[in-house]
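# Report on the structure
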Amino acid sequence: MARPETRWLLSILMVNLQNCLAQPGAPIPPSAPQCQIPHEEYDGMVLSRAIHCVWEPGPGPQMSTTYTLHWKSADDRGQVKGTSMNGFIERHHVSSHSELTVWVQAENQHGVVESEKASFNTADIMKPLAPTVQSHSQEPLEIHWRSQCSLQGLSEGGCEVRHRAEADQGWPEAEGGFHGIYPVENPQPYTVYEFQVRCACTDLSSLMSDWSPIYKVESAGAAPVGKLDVWGDCEMHSRSSECVLRWKELSKLQALGNILGYELRFLYSNSTVAVMNVSTAEPKGQLVCNETQCYLTSYLTGVTAVNVSAYGVYGATSPAYLAIPIPGKENDKQGIRLKMNSETLTVSWDLPDQLTDNLTEYVVQYKCETKAGRLQTQEFDWVRINKSQISCVLTGKFENYTAYHVSLFAVSQNGYSQHLSSAVEYVLQGTPSKVPSFQVVNIYATSVNLSWESIPLLQRKGVILLYQIGVDSKEVYNVSVHPRHKNMTFLLEHLNPGQDYEVWISAVTEAGTGPMASTRFKTKEGYDHKRKPVPWCFSVSTRKCQTPETATFSNR
């Protein structure tokens, strides 16, 4: 049984709890209604619509509350059901230019309340039609519009204008006092601007029309600024060092107008100079441009340097100079490290042992060659990196089982670029295709020379770690790859004279072993007295299947 003190405390808590709970009662009075008569144009005529009144229902939830809009004029009075925020009075209930009083009634099961009354002449609440922006000029940048007041038998009053660049999010504060024309002071060149106008009529009150639909105007352009980012897609392991000239298109902020074409000045190894002018409208098969890059459709043969500039109606950029990249012997100490997924490619490297003052920057490029060849390479990009950095991240849409070739270059102050290192990376590796052209080229009594070709790059699906060569399903040799050789040989020894053999070969990536290519042969009778030396061959493990030290094939 509860003690008297406990019962007393419980009674106090119950009273306080009841006081804290919301008590049901009559609704909160809404605000006084504000009304207007919208107009619309139909078949050349201006028609007024129902009187539209709005109000605030008051703070807090207004559940199960009905709202009724009441009106009273000299000739009539009435009411109409509304929502919690607005209601409409049909025009046939109220004559034109008459005095009208309106108020709102809110009702629920606990009672009825009314708002304050609002009185006005219907002529003072007629809302004009939104104006129509009809034309514009670029120099100077200004818009012209027509007010709709005359369609309502009224004269135009003042108008307000607001404008912004298309890229902006919000609208700035509107400017007022304009009549039919609005100039923009100091517009940014080659920028799309958005305009809206709203007007009042002089014979009405200060009630403004709705904003006109957005009207867009592009300002006049100017001479392009900056320089093009020019680079060469070069065959670094070829004696001719053929290059495809590429450059990145100017951004809109740099172009400041339409780029009409490009002027290129070529310096040849014999000190002669040639000039090429390529139109973007009629490239005549000389130029291909996509969303971000342009490239010439012919190789730069015998060219040592080039200057490229973009031009438009108002001028041209400063020429961008490119010395054709110099092939360099790759240094293991300057090797690059790669890590990639389907969206990013991370490249890192070590600073050279001797960092000269002549070094200005690094260039990191990647490419994915297609079946069509380098001139039709679709995936190619490059970034310029400060000489103090040792890593960068490139973005793109990288595909599985596809080889991406990454190269690092050092660029000097005189514009020359030196190739430092290259590597191949995959997002996800797969098992390689069958080794092509596997054959026996020389047969002896106790040995044979085997020859095959490297798997084409597009069919490797991964980095070839090694080749496995097997004889009659008994012995397996692991043969490490040798860089930059297309034709490969292997001396298979310790065979028996006059015996039939079947030999097979498979390529191996980190994803697994590819399909076997096989051939059969029979060794000669007798013994080998003189055996032709193998022109060159790989390092070979013992007959036991051991993992050798491996290297990665180049893309060349």
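The structure under discussion appears in the preceding block.
This text gives an overview of the structure that appears in the document. On a predicted model such as this, the values are computed, not experimentally measured, just so you know.

What counts, and at which threshold
Residues numbered from 1 in each chain as written. Predicted model: local features only at pLDDT ≥ 70, side-chain atom pairs only at ≥ 80, totals over all residues. Heavy atoms only, no water. Helix = DSSP H or I, 4+ residues; strand = E, 2+ residues; numbered from the N terminus. Contact = heavy atoms within 4.5 Å. Pairing = 2+ DSSP bridges. Axes fitted to C-alpha atoms, helices over the stretch in contact; angles between N-to-C directions. Phe/Tyr/Trp six-rings, centres within 6.5 Å; stacked < 30°, edge-to-face > 60°. Buried < 20%, exposed > 50% of the residue type's maximum accessible area, 1.4 Å probe, protein only. Disulfide = S-S within 2.5 Å. Core = buried A, V, L, I, M, F, W, Y, C linked by side-chain atoms within 4.5 Å. Polar contact = N/O pair within 3.5 Å; in protein donor to acceptor, adjacent residues only side chain to side chain. Patch = residues over 30% accessible without salt bridge, like charges linked within 9 Å, V, L, I, M, F, W, Y side chains within 5 Å. Areas by Shrake-Rupley, 256 points an atom, 1.4 Å probe, with all protein chains shown as cover. Salt bridge = Lys/Arg side-chain N within 4 Å of Asp/Glu carboxyl O.

Moving on to the overall build of the protein. A count of helices and strands for the protein gives three helices and 40 strands. Partitioning the intrachain contacts of the protein with sequence separation of at least 6 by distance along the chain shows that 65% fall at a separation of at least 24.

Within the open sheet, the four strands sit side by side as S21-S20-S24-S25. Their pairing is antiparallel. Both outer strands of the open sheet, strand S21 (273-279) and strand S25 (320-323), are each paired with one neighbouring strand and no more. Sheet twist, expressed as the mean angle between neighbouring strand axes with direction ignored, is 20 degrees. Examined bridge by bridge, strand S20 (residues 261-268) and strand S24 (residues 303-311) share eight bridges and lie antiparallel to one another. For leucine 267, the partnering residue across the bridge sits in S24 and is alanine 305.

Another aspect to go through is the packing of aromatic side chains. Applying the stated rule across the entire model yields 13 aromatic pairs. Between phenylalanine 178 and tyrosine 182, the ring centres sit 4.9 Å apart and the planes meet at 85 degrees, which makes this aromatic pair edge-to-face. Between tryptophan 247 and tyrosine 262 the ring centres are 5.0 Å apart and the planes differ by 55 degrees, which places this aromatic pair in the tilted class. Of this pair, tryptophan 247 sits in strand S19 (residues 243-248) while tyrosine 262 sits in strand S20, placing them 15 residues apart in sequence. Take tryptophan 247 and tyrosine 262: they sit in the same class, and that class is buried.

Now for the sheet that holds strand S22 (residues 287-289). Strands pair in a sheet through their backbones, by hydrogen bonds, and they do so in one of two ways: parallel or antiparallel. With antiparallel pairing, four strands are arranged side by side in an open sheet as S18-S19-S23-S22. For this open sheet the edge positions go to strand S18 (229-234) and S22, each flanked by a neighbour on one side alone. Going across the sheet, the axis of each strand differs from the next one's by a mean of 25 degrees, ignoring polarity. Alignment of S18 against S19, held across six bridges, turns out to be antiparallel. Its bridge partner being in S19, tryptophan 231 is matched across the sheet by arginine 246.

A few words on the state of the cysteines. Disulfide: a covalent bond connecting the sulfur atoms of a pair of cysteines. With the rule as written, the count across this model stands at five disulfides. With its sulfur 1.9 Å from that of its partner, cysteine 149 forms a disulfide with cysteine 201. Between cysteine 149 and cysteine 201, the S-S torsion sits near -95 degrees, and that sign places the bridge as left-handed. Of this pair, cysteine 149 sits in the loop between strand S12 (142-146) and strand S13 (156-165) while cysteine 201 sits in strand S16 (residues 192-201), and the two are 52 residues apart along the sequence. Note that cysteine 234 is cross-linked by a disulfide to cysteine 243, the S-S spacing being 1.8 Å.

Where strand S31 (residues 404-412) meets strand S32 (residues 417-425), eight bridges bridge the pair, whose relative direction is antiparallel. Bridging from a neighbouring strand, valine 406 pairs with alanine 423 of S32. The antiparallel pairing of S31 with S32 creates a hairpin that spans four residues between the two strands, and glycine 415 there sits at a positive phi of about 95 degrees.

Residues Leu228, Leu245, Trp247 and Leu264 are the most contacted members of the largest nonpolar core, which totals 29 residues. Elements supplying a minimum of two residues to this core: S18, S19, S20, strand S23 (293-296), S24, S25, strand S29 (379-386) and S31. Tallying contributions element by element places S24 first for this core, with four residues. Ranked by size, the runner-up nonpolar core spans 23 residues in total, among them Val471, Met488, Phe490 and Phe521.

Within the secondary structure layout, threonine 191 lies in the loop between strand S15 (181-183) and S16. Of note is the side chain of threonine 191, whose polar atom sits 3.0 Å from the backbone oxygen of proline 189. Each residue touching threonine 191, except ones within four places of it in the same chain, is listed here: Ala165, Val217, Glu218 and Ser219.

Moving on, we come to a nonpolar patch on the surface. A grouping of Leu260, Val313 and Tyr314 is seen on the molecular surface, where their side chains present a nonpolar patch of about 310 Å² in accessible area. If you trace the backbone, valine 313 turns up in the loop between S24 and S25.

Summarising burial for S16: nine of the 10 residues are buried, a large majority. In terms of strand pairing, S13 meets S16 through eight bridges, oriented antiparallel. Opposite valine 161, over in S16, you have valine 197 as the bridge partner. Relative to strand S17 (residues 215-218), S16 runs antiparallel, the two being bridged by four bridges. Among the inter-strand pairings, glutamate 194 is bridged to a residue of S17, identified as lysine 216.

Mapped onto the secondary structure, histidine 179 falls in the loop between strand S14 (175-178) and S15. Here histidine 179 falls in the exposed class, since its relative accessible area comes to 52%. Remark: the alpha-carbon pair of histidine 179 and glutamate 160, spanning 19 residues in sequence, is separated by 8.9 Å. Each residue touching histidine 179, except ones within four places of it in the same chain, is listed here: Trp145, Glu156, Gly157 and Gly158.

Further remarks concern the pattern of salt bridges. Counted according to the given criterion, the structure contains 12 salt bridges. Of the charged contacts, one joins lysine 127 and aspartate 210 as a salt bridge, the two residues approaching to 2.3 Å between their closest N and O atoms. Residue lysine 127 is found in the loop between strand S10 (118-121) and strand S11 (132-137), and its partner aspartate 210 is found in the loop between S16 and S17; the two are separated by 83 residues along the sequence. Residue lysine 127 is classed as buried on the basis of its relative accessible area, which comes to 12%.

Mapped onto the secondary structure, lysine 339 falls in strand S26 (residues 336-340). For lysine 339, a relative accessible area of 64% puts it in the exposed group. In this structure the C-alpha to C-alpha distance between lysine 339 and valine 393, which are 54 residues apart in sequence, comes to 9.5 Å. Dropping the residues within four chain positions of it, lysine 339 is found in contact with Thr344, Leu345 and Thr346.

Note that the residue after glutamate 139, namely proline 140, is joined by a cis bond; omega there is 0 degrees. In the Ramachandran plot, tyrosine 190 falls in the positive-phi region, its phi being about 50 degrees despite a non-glycine side chain. Following the sequence through the fold, tyrosine 190 ends up in the loop between S15 and S16. Backbone geometry at serine 271 places phi at a positive 75 degrees, although glycine is not the residue there. Along the polypeptide, serine 271 turns up in the loop between S20 and S21. Judged by relative accessible area, serine 271 falls into the exposed class, the value being 60%.

As far as function goes, none of this settles anything; it's purely spatial.
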